[in-house]
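Architecture at a glance
These are the residues of each chain, in order.
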Amino acid sequence: MADSVDSLVASLRAEADRDRDPEDTPEVGIVMGSDSDLDVMYGAYEALTELGFEEVTDYDDPPEARFTFETYVVSAHRTPELMYAYGETAGERGLDVIIAGAGGKSADLPNMTASIAYPLPVVGVPVQEKSVDSVIGMPRGAPLTAVDAGKSFNAALSAVQVLAREHDELEERLVEYHETLQQGVGEVSRALHESGTERFRADRGE
């Protein structure tokens, strides 16, 4: 296991030393404290892929999509050296924003990542309700943006909002996504009004 961590640390630092075209490096990094957090953090994956991002699994063979992201398990408590390597190399590896999620009462990965990767923006995701205080408890001068417990989908949207300030294409995708949500609400509202409450509930199988 130690060899695996050492290998990851070495690969991250080696990647930071390479001079890749920014269009060939992931813009967003997703990290979580444990693979048990993946069900919650999957929301970030869903949001990013819905907005046209693709996941990088091999730096030497990146996806064809213009915008990409990467995903790692990085434990603040069990693998601190990996957490430091990830945060310290994030900017040099081309990342523009990090989404960091952790659970439990000692959910330190988001705030530690924010400190190490500074000034790169980090969006924290408390995986559980009991993780909220730990994630948002940063002192003055140590910024961390955070979403509500379990809302990794929103964390990804926030990450893309950051990127959209420099990429008009992403701004257009965000606007289109929002308009789709509005259209859905409008369609449901009309259906409820025109069907009446009882029929509307029946049509939904309630």
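For the structure itself, consult the block above.
Described below are features of the structure shown in this document.

A look at the pattern of salt bridges
Under the defined criterion, the tally for this structure stands at eleven salt bridges. Two residues, Glu88 and Arg13, come together in a salt bridge whose shortest N-O distance is 2.8 Å. Highlighted residues: Glu88 in helix α3 (residues 80-89) and Arg13 in helix α1 (residues 2-17), separated in sequence by 75 residues. What makes Glu88 partly exposed here is its relative accessible area of 41%. Looking at Arg13, the relative accessible area reads 35%, which means it is partly exposed. Across the salt bridge formed by Glu70 and Arg93, the nearest N and O atoms sit 3.0 Å from each other. Of this pair, Glu70 sits in strand β3 (residues 68-73) while Arg93 sits in the loop between α3 and β4 (97-102), placing them 23 residues apart in sequence. Judged by relative accessible area, Glu70 falls into the buried class, the value being 1%.

Comments concerning the pairing of β3
By the bridge criterion, five bridges tie strand β1 (residues 28-32) to β3 in an arrangement that is parallel. In the sheet register, Gly29 faces β3, and the bridge partner there is Glu70. Examined bridge by bridge, strand β2 (residues 54-55) and β3 share two bridges and lie parallel to one another. Within the sheet, the bridge partner assigned to Glu54 lies in β3 and is Thr68.

Digging into the packing of helix α2 (residues 38-50) against helix α6 (residues 152-164)
It is at 6 Å that the axes of α2 and α6 come closest, and there the two elements cross at 40°. Here α2 is positioned oblique relative to α6, judged by the angle of their axes. Handedness of the crossing formed by α2 with α6: right-handed. Of α6, the residues touching α2 (which contributes Val40, Met41, Tyr42, Gly43, Ala44, Glu46, Ala47, Leu48 and Glu50) are Ser152, Phe153, Ala156, Leu157 and Val160. Residue classes in the contact of α2 with α6 are distributed as ten nonpolar, two polar and two charged.

Considering the sheet that holds strand β6 (residues 145-146)
The strand order across the open sheet built from six strands is β2-β3-β1-β4-β5-β6, with neighbouring strands paired in parallel fashion. If you trace the sheet from one side to the other, it starts and ends with β2 and β6, each paired once. When β4 meets strand β5 (residues 122-126), the two strands line up parallel, connected through five bridges. Directly across from Gly101, in β5, lies its bridge partner Val125. The sheet strands contacting α6 are β1, β4 and β5, and the helix crosses β4 at an angle near 165°.

Let's talk about the packing of aromatic side chains
Going through the model one piece at a time under the given rule, you end up with five aromatic pairs. Pairing Tyr42 with Tyr45 gives two aromatic rings, centres 5.0 Å apart and planes at 20°, and the pair type is stacked. In this pair, Tyr42 and Tyr45 both sit in helix α2, three residues apart, roughly one turn of the helix. By relative accessible area, Tyr45 is classed as partly exposed at 29%. Measuring from centroid to centroid gives 5.8 Å for Tyr45 and Phe69, while their planes differ by 80°, and the two rings are edge-to-face. Remark: Phe69 occurs in strand β3 and Tyr45 occurs in helix α2; sequence separation between them is 24 residues. Of the residues examined, Phe69 reaches a relative accessible area of 0% and is grouped as buried. In this structure an aromatic cluster arises from ring pairing among Tyr42, Tyr45 and Phe69. Stacked on the ring of Tyr86, the Lys or Arg Arg93 has its end atom at 4.7 Å from the ring centre.

The rules behind the values
- Throughout, residues of each chain are indexed from 1 in the direction in which the sequence is written.
- Per-residue local features of the predicted model are confined to residues with pLDDT of at least 70, and side-chain atom pairs are confined, for both listing and counting, to 80 or more; whole-chain, interface and lining totals are unaffected and use all residues.
- Only hydrogens and water are set aside when side-chain values are computed; all heavy atoms of the structure are taken into account.
- Any Lys or Arg side-chain nitrogen found within 4 Å of a carboxyl oxygen on Asp or Glu counts as a salt bridge.
- Counting from the N terminus, the helices are the DSSP runs of H or I reaching at least four residues and the strands are the DSSP runs of E reaching at least two.
- We call a residue buried when its accessible area falls under 20% of the maximum for its residue type, exposed when it is over 50%, and partly exposed in between, using a 1.4 Å probe and counting protein chains only.
- If DSSP finds at least two bridges between two strands, the strands pair.
- An axis is simply a line fitted to the C-alpha atoms; with a helix, the fit covers only the stretch in contact. Between two such axes, the angle follows the N-to-C directions and lies from 0 to 180 degrees.
- Each angle receives one of four descriptions, namely roughly parallel if under 35 degrees, roughly antiparallel if over 145, roughly perpendicular if within 65 to 115, and oblique otherwise.
- Here is the rule for handedness: rotate from the far helix to the near one, and if that takes an anticlockwise turn smaller than a right angle the crossing is left-handed, while a clockwise turn gives right-handed.
- Working rule for contacts: check all heavy atoms of both residues, and any pair within 4.5 Å makes them a contact.
- In the scheme used here, Gly and all other residues not listed as nonpolar or charged are polar, with Ala, Val, Leu, Ile, Met, Phe, Trp, Tyr, Cys and Pro taken as nonpolar and Asp, Glu, Lys and Arg as charged.
- The pairing test for Phe, Tyr and Trp rings, Trp by its six-membered ring, is centres within 6.5 Å, and the orientation test on the planes gives stacked under 30 degrees, edge-to-face over 60, and tilted for anything in between.
- Criterion for a charge above a ring: Arg CZ or Lys NZ at most 6 Å from the ring centre, at most 35 degrees from the ring normal.

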